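Summary of the model geometry
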Amino acid sequence: MRAAFLPWLILGWVGFAVLPWYLVEDGFWAFQWLIDGYPLDSDYAPALVQAALGNVWLFPLLLPLLAPLFITRRTKTDPDYARVLILSGGFGLAYLLAQGFIVGIGGWEYAFLENLFGPMDSRQYGMGYGALLTAASFLVLFTSGLAAAGCLRGDVFVTSAIGIIIALVATFVFLPVGKVLISAFISETGTYALAAFGENFFTRKIWGLACVTTTASCGVAWNSLFLALATGFSTTLLGLAFALVATRTDFRWKKSLRTLTVLPIITPPFVIGLALILLFGRAGTVTQFASDLLGIEPGRWLYGLPGIWLAQTLSFTPIAFLVLIGVVEGVSPSMEEASQTLGASRWNTFKRVSLPLMRPGLANAFLIGFIESMADFGNPMVLGGNYEVLSTEIFFAIVGAQNDQGRAAVLAILLLCFTLSAFFAQRVWLGKKSYTTVAGKAESGAHAGMNPLLRNICLGVTIPWAAFTLAIYGMILFGGFVISWGRDHSLTLQHYSNAFSVGWAEHGLHWEGTAWDSFWTTITISAIAAPLTAALGLLTSFLLVRQKFRGKNLFEFGTMLSFAIPGTVIGVSYILAFNVPPFELTGTGVILVLCFIFRNMPVGVRGGIAAMTQLDKSLDEASLTLGANSLTTLRRVILPLLRPAIIAALVYSFVRAITSVSAVIFLVSADHNMATSYIIGLVENGQYGIAIAYSSVLIIVMLLAIFLVQKVVGERKLRRDNRLEAVSGKSNSLKEKQA
C-alpha cells in the first residue's frame with residue numbers, strides 16, 4: 001500500500017497549521033476560541049501563526065512535516081521510505097518535546113540558557129490541541145518507519161501500539177513519579193546529595209523491630225509487608241472460593257452471592273471502616289452485645305492490624321474474585337473429563353489438573369491484593385490506631401506540619417521495592433510453563449463437579465462471609481435513614497433531601513441538593529476514564545502475551561509502576577509534573593481522567609494476561625494465515641474470548657474512579673469536585689448522615705453500571721449450544737432414516 005502514513009501526516013499538518021497550539025484557558029473541552037480572535041490572537045493561534053508572531057523556535061517543526069511529502073509515491077520496500085519516516089517522526093517528536101521543556105511561561109526554563117542567549121521576549125504555555133495532535137502524528141510516523149524497516153515483522157499496528165503505550169506511560173507515569181522520587185536525593189539546601197536519602201532511609205521509625213504491646217507497631221516497613229502478605233493470601237483464597245461456588249456448584253443463590261462479592265469494591269474504604277467501628281468498636285453493636293451477654297469488658301482489638309486486615313480483606317476480595325472467575329471458567333472441561341476418564345477422583349482432578357491451570361489467575365490475584373494493601377490509605381487511616389504503615393506515613397510526611405517531601409519520597413521508594421519484589425516473585429513462581437486451555441475447537445463437555453468436601457468448605461466460607469458483608473452494608477444503608485448514626489436512630493429522609501433534592505425553577509428542572517454537582521462530575525469523569533482504562537489495559541496485555549520484542553520486561557514494569565505507588569504520591573507527583581509547561585493540566589478534568597486511567601490500568605493488564613494466557617496461540621496464527629492483520633485478529637478473535645477480563649477491567653476502572661480517595665484529594669478543584677473528596681469534607685464536618693446517604697446512592701449507581709456492563713459485554717461461550725447439538729442430532733437421525 002502506498003503512503004499508508006498519509007492520514008497521520010495530514011493530522012500533523014492540521015495540528016500545526018489549523019488548531020490552537022497552546023492550551024486554551026477556558027478548558028480542554030471549551031470551543032469559545034473559535035469566535036474570540038482565532039486564528040490571529042496569540043492565545044489561540046496555530047503553530048504556523050505563532051512562529052510568525054515571534055515564537056520562531058516553532059519553525060523547525062516544518063522540516064519533519066515536509067520531508068514525508070517526498071515519499072508519498074514510494075512503496076514500503078523502498079529503503080528511503082523507512083529512513084525518511086524514522087528521521088522525520090523521531091526528530092519532530094524529540095524537537096517538539098525539547099522546545100516544550102526548554103521554553104516556558106517565564107522564557108528560558110534553565111538559567112544557563114538565559115546566560116548563554118540572553119532573556120527572551122516571548123514565552124509559551126502548555127500544549128494544546130495542535131501540539132498534542134502534531135506530537136501524535138510524529139509518533140505514528142516514527143513507528144510506521146520502524147515497521148517498514150522490518151521491526152516486529154513489519155506489523156504497523158503492533159509497532160504503533162507499543163510506541164503509543166510507551167509514550168503514554170513515560171509521560172503519565174515515569175515523568176510524574178520521577179519528579180517526586182528524585183526529591184529523595186535533595187537536601188534541605190536544595191542540592192543533590194546521597195546522604196539525604198540515607199538519613200531518611202535508615203531510621204528506627206522504618207526498620208524498628210521491637211513491639212511494645214500486641215497493638216503497637218514495629219517499623220512501618222515490616223508492618224506494611226506483613227499486612228500486605230496477609231491480605232494477599234486471604235483475598236486470593238476467598239476470591240477462589242467465591243469463583244468456585246459461582247461456576248462449579250448448583251448453589252441456589254450463587255447469583256446473589258456473586259453480587260455481594262462486588263459490593264465492597266464499590267464503597268469508599270472509609271465507609272467500610274466506619275461500619276466496622278459501629279459493629280466492633282468499643283461502643284459497637286456486637287461489642288456491647290457480647291459485653292452484656294458474657295460480662296467481658298469491651299476492648300480495642302479492632303484498632304490496629306486485625307481491623308485493617310479485616311477491612312482490606314472486605315475491600316479487596318472482590319478484585320481477586322473478578323480476576324479469578326474468568327480463569328476458573330476458562331479451564332477446559334475436556335481436560336477435566338480426560339482426567340476422570342483415566343480414573344482420577346474429583347479431588348485429584350481439581351488438585352492436579354484444574355488448580356495448576358489456574359496458577360496465572362492465583363498469582364495475579366495475590367499480586368493485586370498485595371499491591372492494593374501496600375497502597376491502601378483509607379482503611380489504615382480509619383482503623384490504624386498505633387499500627388503505622390507506609391501509605392499513611394507518606395501522607396503525613398507530605399501534608400503534615402513537617403511537610404517533608406524528601407522523607408515521603410524515600411518511603412515511596414521503599415514501598416516500590418516491596419511491590420516490585422512481589423512482582424518478580426510471581427514471575428518466578430509461574431515460570432515459563434504453558435497454561436493454555438482454550439484452543440480453536442468448541443468445548444462440548446461440562447466442568448467436572450467439585451469434590452464434596454471442597455464444596456462444603458467453599459460454601460462454609462463464602463456463605464458466612466456473604467452474611468457478614470450483608471450486615472456491613474445493612475449498617476451503611478441504615479445510617480442514611482437515621483438522624484444520628486450510632487446515637488439517635490429515629491428514622492428520617494432529611495439526609496437524602498439535603499444531598500439530592502430536586503425542584504422546579506423558571507427554566508425547568510433544578511438540581512437543588514448540595515451533592516449534585518460533585519455527583520455529575522464524578523459520573524462523567526468515571527464514564528470517560530473506564531473504557532479508556534480497559535482498552536489500554538487489554539491492549540497492553542495483548543502485546544505482553546502475544547508479541548515478542550526487546551525490552552518487554554521493562555515495558556511490563558512500566559505498566560505496573562503506577563499501581564505500586566500509593567495514590568497519595570501519585571496525586572502529589574501529578575501536581576508537580578503537570579502544573580507547568582509543557583503539560584499544564586492542574587485544575588482541569590483531564591488530569592483526573594488521566595490519573596484514573598494510569599492508576600487503574602494495571603488491573604486490566606493483569607486480568608488480561610491471566611485470561612489471555614489460556615488462549616492457544618494457534619487461534620492467532622489461524623487468523624493471520626487467513627489474511628487478517630493483527631488488529632482484525634485482536635478485534636474478531638481475541639476480544640470475544642476475553643469477555644470476563646473486559647468486564648473486570650470496565651467494572652474495576654469505573655468503580656475505582658468513583659471511590660478513589662488518596663490521589664483525588666490533591667487533584668480536585670472548585671470546578672471538578674469528586675464524590676470522595678466531597679464525602680471526606682462531610683465527615684470532617686461531622687455530617688455523617690449525609691455522607692452515608694451519598695455513599696448509598698453511589699453504591700446503587702455502581703451496581704446498575706455493573707449490571708449494564710455485564711449485559712452489554714455478554715458472556716464468553718466455550719461450549720456448543722445444546723440446541724445446536726439437538727438440531728444436529730435430529731439431522732443425523734433423519735439422514736439415517738433416508739439412508
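Residues numbered from 1 in each chain as written. Predicted model: local features only at pLDDT ≥ 70, side-chain atom pairs only at ≥ 80, totals over all residues. Heavy atoms only, no water.

Topic: the overall build of the protein
Here is the rule: Helical segments are the DSSP runs of H or I of at least four residues, strand segments are the runs of E of at least two, and each set is numbered from the N terminus. Throughout this description, buried means an accessible area under 20% of the type-specific maximum (1.4 Å probe, protein chains only), exposed means over 50%, and partly exposed covers the range between. Throughout, a contact is declared for two residues whenever any of their heavy atoms are within 4.5 Å.
A tally of helices and strands in the protein yields 33 helices and six strands. Across the 739 residues of the protein, 54% fall into the buried class. Of the contacts formed within the protein by residues at least 6 apart in sequence, a portion of 75% connects residues at least 24 apart.

Concerning the environment of Ala-135
Inspection of the secondary structure puts Ala-135 in helix H6 (residues 129-148). What makes Ala-135 buried here is its relative accessible area of 13%. Along the backbone, Ala-135 and Gly-12 are 123 residues apart, and their C-alpha atoms lie at a distance of 7.6 Å. Setting aside chain neighbours within four positions, we find Ala-135 in contact with Leu-93 and Leu-96.

A closer look at the pattern of salt bridges
Defined as follows: A side-chain nitrogen of Lys or Arg and a carboxyl oxygen of Asp or Glu constitute a salt bridge if their distance falls within 4 Å.
Counted according to the given criterion, the structure contains six salt bridges. Note that Arg-656 is salt-bridged to Glu-372, the shortest N-O span being 3.4 Å. Residue Arg-656 is located in helix H29 (residues 643-659), and its partner Glu-372 is located in helix H17 (residues 359-375); the two are separated by 284 residues in the primary sequence. A relative accessible area of 3% means that Glu-372 is categorised as buried.

Quick word on the nonpolar core
We count it as follows: We define the nonpolar core as a collection of buried residues of types Ala, Val, Leu, Ile, Met, Phe, Trp, Tyr and Cys that are connected through side-chain atoms lying within 4.5 Å of one another.
Ranked by internal contacts, the top residues of the largest apolar core, which has 217 residues, are Trp-21, Ile-266, Leu-276, Met-358, Ile-472, Tyr-574 and Tyr-694. Take this core: its biggest share by element is 16 residues, from helix H26 (residues 589-612). Ignoring any residue separated from it by four or fewer positions in sequence, one finds Met-358 in contact with Leu-240, Leu-244, Arg-248, Val-327, Val-328, Val-331 and Phe-350.

Quick notes on the packing of helix H7 (residues 156-181) against helix H23 (residues 516-546)
To be explicit about the condition: Here an axis means a line fitted to C-alpha atoms, over the contact stretch when the element is a helix, while the angle between two N-to-C directions is reported on a 0 to 180 degree scale. Oblique is the label for any angle not covered by the other classes, which are roughly parallel (under 35 degrees), roughly antiparallel (over 145) and roughly perpendicular (65 to 115). The sense of a crossing depends on the near helix, which, turned anticlockwise from the far helix by less than a right angle, makes the crossing left-handed and, turned clockwise, makes it right-handed. Gly is put with the polar residues, along with every residue not named as nonpolar or charged; the nonpolar set is Ala, Val, Leu, Ile, Met, Phe, Trp, Tyr, Cys and Pro, and the charged set is Asp, Glu, Lys and Arg.
The interhelical angle for the contact between H7 and H23, taken along N-to-C directions, is 125 degrees, at an axis separation of 11 Å. Here H23 runs oblique to H7, going by the angle between their axes. By crossing handedness, the relation of H7 to H23 is classed as left-handed. Within the contact between the two elements, H7 uses Phe-157, Val-158, Ala-161, Ile-162, Ile-165 and Leu-168 and H23 uses Leu-536, Leu-539, Thr-540, Phe-542 and Leu-543. Among the residues forming the contact of H7 with H23, the class breakdown is ten nonpolar, one polar and no charged.

Re the packing of aromatic side chains
Under the convention used in this document: Stacked, edge-to-face and tilted are the three classes for Phe, Tyr and Trp ring pairs, Trp counted by its six-membered ring, which pair at centre distances within 6.5 Å; planes under 30 degrees apart are stacked, over 60 edge-to-face, the rest tilted.
Applying the stated rule across the entire model yields 33 aromatic pairs. Consider the rings of Phe-16 and Trp-21, whose centres lie 6.0 Å apart with planes at 80 degrees: the pair is edge-to-face. On the basis of relative accessible area, Phe-16 is assigned to the buried category, the value being 0%. With a centroid separation of 6.0 Å and 45 degrees between ring planes, the pair formed by Phe-280 and Phe-468 is classed as tilted. In this pair, Phe-280 sits in helix H12 (residues 269-280) while Phe-468 sits in helix H21 (residues 452-479), placing the two residues 188 residues apart along the sequence. We note that Phe-280, like Phe-468, is buried. Each member of the aromatic cluster is reached from another via a ring pair, and the members are Phe-500, Trp-511, Trp-516, Phe-519, Trp-520, Tyr-678 and Tyr-694.

Thoughts on unusual backbone geometry
A cis amide bond links Pro-581 with the next residue in sequence, Pro-582, at an omega value of 10 degrees. As for its position among the elements, Pro-582 is in the loop between helix H25 (567-577) and H26. Backbone geometry places Leu-152, a non-glycine residue, at a positive phi of 55 degrees. The topology assignment puts Leu-152 in the loop between H6 and H7. Phi at Arg-153 takes a positive value of approximately 60 degrees, unusual for a residue other than glycine. Within the element layout of this structure, Arg-153 appears in the loop between H6 and H7. What makes Arg-153 exposed here is its relative accessible area of 65%.

Looking at helix H27 (residues 618-625)
Counting along an α-helix, one turn takes 3.6 residues, and residues three or four places apart therefore face a common direction. Worth spelling out the cut-off: The directions from the helix axis to the C-beta atoms are what the arc is built from.
The complete set of buried residues in H27 reads Leu-619, Asp-620 and Ser-623. Take H27 and look down its axis: the buried residues cluster within an arc of 100 degrees, on one side only. Pointing more than 90 degrees away from the buried face of H27 are the exposed residues Glu-621 and Thr-625. Taken together, the buried residues of H27 touch H23 and helix H28 (630-638).

Details of the environment of Glu-388
Looking at where Glu-388 falls in the secondary structure, it is placed in the loop between helix H18 (378-383) and helix H19 (390-399). Glu-388 sits in the partly exposed class, given a relative accessible area of 26%. When the C-alpha positions of Glu-388 and Asn-223 are compared, they lie 6.9 Å apart, and in sequence the two are 165 residues distant.

Some details on helix H15 (residues 333-341)
Among all positions in H15, only Pro-333, Glu-336 and Ser-339 are buried. Buried positions in H15, seen along its axis, are confined to an arc of 125 degrees and lie on one side of it. Against helix H10 (220-248) and helix H16 (346-357) lie the buried residues of H15.

Observations concerning the packing of helix H14 (residues 305-330) against H17
Following both chains from N to C, one finds H14 and H17 inclined at 155 degrees, their axes separated by 9 Å at the closest point. By the angle class used here, H14 and H17 are roughly antiparallel. Both H14 and H17 take part in a crossing whose hand is right-handed. Facing H14, whose interface residues are Gln-312, Phe-316, Ile-319, Ala-320, Val-323, Leu-324 and Val-327, H17 presents Gly-361, Leu-362, Asn-364, Ala-365, Ile-368, Glu-372 and Ser-373. Class assignment for the residues of the contact of H14 with H17 results in nine nonpolar, four polar and one charged.

Quick word on the side chain of Thr-287
Tracing the backbone shows Thr-287 in helix H13 (residues 285-294). Excluding residues within four positions of it along the chain, Thr-287 makes contact with Leu-279, Phe-280, Gly-281, Arg-282 and Pro-298.

Observations regarding the pairing of strand E6 (residues 508-511)
Filter applied, for reference: Between any two strands, at least two bridges found by DSSP are needed for them to pair.
Strand direction decides the pairing type here: strand E5 (residues 502-505) and E6, joined by four bridges, are antiparallel. For Gly-503, the partnering residue across the bridge sits in E6 and is His-510. Taken together, E5 and the strand that follows it, E6, pair antiparallel across an intervening segment of two residues.

Description of the confidence of the model for the protein
Segments scoring low in pLDDT should not have their predicted coordinates read at a detailed level. Under the convention used in this document: Per residue, pLDDT measures the predictor's confidence, with a range of 0 to 100.
Of the residues in the protein, 90% reach a pLDDT of 70 or more, and the chain-wide mean stands at 82. Mean pLDDT values for the elements of the protein range from 43 in helix H33 (residues 722-738) up to 96 in helix H3 (residues 62-66). Contacts for the low-pLDDT stretch residues 212-216, under 50 throughout, to residues beyond four places or in other chains number four contacts.

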